[in-house]
Amino acid sequence: MNTYKHILTVILVGLITQLSIAQYGAQKRADYYFGQFSYVKAIKEYEKMVEGNYNTNYAHQRLAECHLLIRDFKQAIPHFEKVINSTSIPTDYYFKYAMALHSVGEIKEAEKWFKRYKK
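Quantities reported herein were computed from a predicted structural model and do not represent experimental measurements.

Participant: What should I look at first to understand the environment of glutamine 61 in this one?
Facilitator: On the secondary structure map, glutamine 61 appears in helix 3 (residues 56-69). A sequence separation of 20 residues divides glutamine 61 from glutamate 81, and the C-alpha atoms of the two residues are 9.6 Å apart. Apart from the residues lying within four places of it in its own chain, the contact partners of glutamine 61 are Val83, Ile89 and Tyr93.

Next up, the structure:
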């Protein structure tokens, strides 16, 4: 019985380790694609990170940027909304979020974020 528990523990630790390595690989691939301006491919990898609950804040930031860069403003907004109130977000994200809002016709909300960026 003791041996059975030991083997089960080793298998579980191995699976957890494998999952974390796979998520890190998704980030590495996504960042590579982002650097190569292959935003559609990068989106797929960043979405894997969000699904796997791995470094989600970073993944949402990059997803927002990818969607913004391919001019898919409606898809960018939900990702901006996930991270826009974070204290660690760069201030240029306020401007990018405002541009996305303005592009979909949400002028009043965009003005709020333009003002926040200006401060």
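Participant: How should I be thinking about the environment of asparagine 55 in this particular structure?
Facilitator: Position of asparagine 55 among the secondary structure elements: in the loop between helix 2 (39-51) and helix 3. Note on asparagine 55: relative accessible area 36%, which makes it partly exposed. A C-alpha to C-alpha distance of 8.6 Å links asparagine 55 and glutamine 27, two positions 28 residues apart in sequence. Residues contacting asparagine 55, with those up to four places away along its chain left out, are Gln27 and Met49.

Participant: Would you take a moment to explain the packing of aromatic side chains for this structure?
Facilitator: Centre-to-centre distance and the angle between the planes together describe a pair of aromatic rings. Applying the stated criterion across every chain yields a total of 10 aromatic pairs. The interplanar angle of 75° and the centroid separation of 6.2 Å between the aromatic rings of tyrosine 46 and tyrosine 58 together place this pair among those described as edge-to-face. Here tyrosine 46, found in helix 2, pairs with tyrosine 58, found in helix 3; they are 12 residues apart in sequence, far enough to count as distant. With relative accessibility at 0%, the residue tyrosine 46 sits in the buried group. Members of the aromatic cluster, each reached through a chain of ring pairs, are Phe80, Tyr93, Tyr94, Tyr97 and Trp113. The lysine or arginine in question, arginine 62, covers the ring of phenylalanine 34, its NZ or CZ lying 4.0 Å from the ring centre. Against the face of tyrosine 93 rests lysine 96, its NZ or CZ located 4.9 Å from the ring centre.

Participant: Help me understand the nonpolar core, please; the structure alone is not making it clear to me.
Facilitator: One broad rule of soluble globular proteins: the nonpolar side chains tend to lie buried together. Formed by 16 residues in total, the largest nonpolar core has its most connected members in Phe80, Ile84, Ile89, Tyr97, Leu101 and Trp113. The biggest single contributor to this core is helix 5 (residues 92-103), with 6 residues. Residues contacting phenylalanine 80, with those up to four places away along its chain left out, are Ala64, Leu68, Tyr93, Lys96, Tyr97 and Ala100. Ile43, Tyr46, Met49 and Cys66 belong to the second-largest nonpolar core, a separate cluster that totals 11 residues.

Participant: Teacher, can you tell me more about unusual backbone geometry here?
Facilitator: In most cases, non-glycine residues show a negative phi, while peptide bonds are predominantly trans. The backbone phi angle of phenylalanine 37 is positive, close to 65°, even though this residue is not glycine. Tracing the chain through its elements places phenylalanine 37 in the loop between helix 1 (2-35) and helix 2. Given the relative accessible area of 62%, phenylalanine 37 is considered exposed. Even without being a glycine, asparagine 55 presents a positive backbone phi close to 50°.

Here is what the cut-offs are and how they apply
- Residues numbered from 1 in each chain as written.
- Predicted model: local features only at pLDDT ≥ 70, side-chain atom pairs only at ≥ 80, totals over all residues.
- Heavy atoms only, no water.
- Helix = DSSP H or I, 4+ residues; strand = E, 2+ residues; numbered from the N terminus.
- Contact = heavy atoms within 4.5 Å.
- Buried < 20%, exposed > 50% of the residue type's maximum accessible area, 1.4 Å probe, protein only.
- Phe/Tyr/Trp six-rings, centres within 6.5 Å; stacked < 30°, edge-to-face > 60°.
- Lys NZ or Arg CZ within 6 Å of the ring centre and 35° of its normal.
- Core = buried A, V, L, I, M, F, W, Y, C linked by side-chain atoms within 4.5 Å.

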